[in-house]
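Residue strings, one per chain:
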Amino acid sequence: PDVEHSGRVAGRLYAISTAGSLLGTMLSALVLIPFAGTQRTFLAFAAALQTDGKIRVAGRVAGGGGGNPDVGLVRSTPAGVPDAAGFAGQGIVRADLTGNWDEASEIVIQPDGAILVSVQGVVGGSFDFMVARFTTGGVLDGSFGSGGVASTSVGTQNDFAKGLALQGDGKVVVVGNSTLSGLDFSVARFLGTGARDTGFGHGGKVLTPLGSNDRIFDVALQIEGGQLMKIVVAGDNPVTEDFLLAR
């Protein structure tokens, strides 16, 4: 395919074998994920593997003509081909969640196959923590939050959702960065229904200023004896160039 005329940005999807070499069973290393009418095709920020070997990818689709980007989801076969069967009719979903800037930052597949994505979305002029849930067929799940989307503000201005984890009891943990004294660690937890878990932190959220510029990028759940014991987050301070780990 002519990459130059397919868009300024094209996603690269690689499969690496356990020996550390490129896996030859996929298609070419460059897999185009076309969204008609967009200048940038697709920016992938997260991926998850289904139990049947199919690949879920989440990210951002640029708006055509300079418009705001939307959440993009792709499901591909183990061979790297967009999987049209049973997923939005073409293997690709574009979701405008706020009518403004939306991008997916992480993806988790629930045991029932439903798809959870953490979203950086603009609500009322500033970024909020957002979580969207899609059915296995790529449709927003109306039983979750409001029309398939749950959101909350954490800091005083912008909240950037970066990491996502699913607890065994169905609760959803979202982590990221919020504006208070610069950028600070922030965590929010939602119930399986999309409502904020008011039994967690202060009304379902925790804001922790460690310094003046602290960023979270990922989260892990510490499980002991089948029970959630701790939430572990990892990030950095771009000013001091320090690695940060908090529990």
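Reading guide: rules and limits
- Residues numbered from 1 in each chain as written.
- Predicted model: local features only at pLDDT ≥ 70, side-chain atom pairs only at ≥ 80, totals over all residues.
- Heavy atoms only, no water.
- Helix = DSSP H or I, 4+ residues; strand = E, 2+ residues; numbered from the N terminus.
- Buried < 20%, exposed > 50% of the residue type's maximum accessible area, 1.4 Å probe, protein only.
- Polar contact = N/O pair within 3.5 Å; in protein donor to acceptor, adjacent residues only side chain to side chain.
- Contact = heavy atoms within 4.5 Å.
- Pairing = 2+ DSSP bridges.
- Core = buried A, V, L, I, M, F, W, Y, C linked by side-chain atoms within 4.5 Å.
- Axes fitted to C-alpha atoms, helices over the stretch in contact; angles between N-to-C directions.
- pLDDT = per-residue confidence, 0-100.

Relative to the helices and strands, glutamine 50 resides in the loop between strand E1 (43–49) and strand E2 (55–61). For glutamine 50, a relative accessible area of 13% corresponds to the buried category. Of the polar contacts made by the side chain of glutamine 50, one reaches the side chain of aspartate 52; its length is 2.9 Å. In this structure, glutamine 50 is in contact with Arg56, Arg75 and Ile109, ignoring residues within four places of it in sequence.

Attention now goes to the pairing of E1. By the bridge criterion, six bridges tie E1 to E2 in an arrangement that is antiparallel. From the neighbouring strand, leucine 49 faces E2, where its bridge partner is isoleucine 55. If you look at the hairpin formed by E1 and E2, you'll find five residues sitting between the two strands, and glycine 53 has a positive phi there, around 90 degrees.

This paragraph deals with the nonpolar core. Across soluble globular proteins, nonpolar side chains show a tendency to be buried alongside one another. Counting residues in each nonpolar core, the largest one holds 18 residues, and the members touching the most others are Leu73, Leu97, Ile107, Val117, Val119, Ala132 and Phe134. If you list the elements that add at least two residues to this core, you get E1, strand E3 (70–76), strand E4 (92–95), strand E5 (102–109), strand E6 (115–123) and strand E7 (126–134). Once you skip the residues sitting within four places of it in the chain, alanine 132 turns out to touch Leu97, Ile115, Leu116, Val117, Val119, Leu140, Gly148 and Val149. Grouped together as the second largest cluster of nonpolar side chains are 13 residues, Val108, Ala161, Val172 and Phe190 included.

A few words on the sheet that holds E7. Remark on secondary structure: sheet strands pair via backbone hydrogen bonds, oriented parallel or antiparallel. A sheet is described by the order of its strands in space; here four strands give the open sequence E5-E6-E7-E8, paired in antiparallel fashion. Two strands bound the open sheet, and with one partner strand each, they are E5 and strand E8 (149–152). For this sheet, the mean angle separating the axes of adjacent strands, direction not counted, is 25 degrees.

A word on the confidence of the model for the protein. Mean pLDDT over the protein: 78, with 80% of residues reaching 70 or higher. When the elements of the protein are averaged for pLDDT, strand E15 (residues 242–246) gives the smallest value, 72, and E5 the largest, 91. Note that residues 1–10 has pLDDT below 50 and, in this model, 15 contacts with residues that lie over four places away or in other chains. The low-confidence segment residues 25–32, where pLDDT is below 50, has 23 contacts with residues more than four positions distant or belonging to other chains.

We now examine the sheet that holds E2. Strand order in the open sheet formed by four strands is E1-E2-E3-E4, with antiparallel pairing between adjacent strands. The open sheet has two edge strands, E1 and E4, and neither has a second partner. Between one strand axis and the next, the sheet turns through 20 degrees on average, direction left out of account. Pairing geometry for E2 and E3, over seven bridges, is antiparallel. Considered in E3, the bridge of arginine 56 is made with arginine 75.

As for its placement among the helices and strands, phenylalanine 87 is situated in the loop between E3 and E4. Put simply, phenylalanine 87 and serine 76 are eleven residues apart on the chain and 9.6 Å apart in space, counted from C-alpha to C-alpha. Excluding residues within four positions of it along the chain, phenylalanine 87 makes contact with Arg56, Leu73, Val74, Arg75, Ile92, Val93, Ile115, Thr136, Gly137 and Gly138.

Structurally, the position occupied by glycine 59 is in strand E2. A relative accessible area of 0% means that glycine 59 is categorised as buried. Along the backbone, glycine 59 and phenylalanine 42 are 17 residues apart, and their C-alpha atoms lie at a distance of 7.1 Å. Excluding residues within four positions of it along the chain, glycine 59 makes contact with Phe42, Leu43, Ala44, Phe45, Asp70, Val71, Gly72, Glu103 and Ala104.

Tracing the backbone shows glycine 155 in the loop between E8 and strand E9 (159–166). Spatially, the C-alpha atoms of glycine 155 and serine 186 are 8.1 Å apart, while their sequence positions differ by 31 residues.

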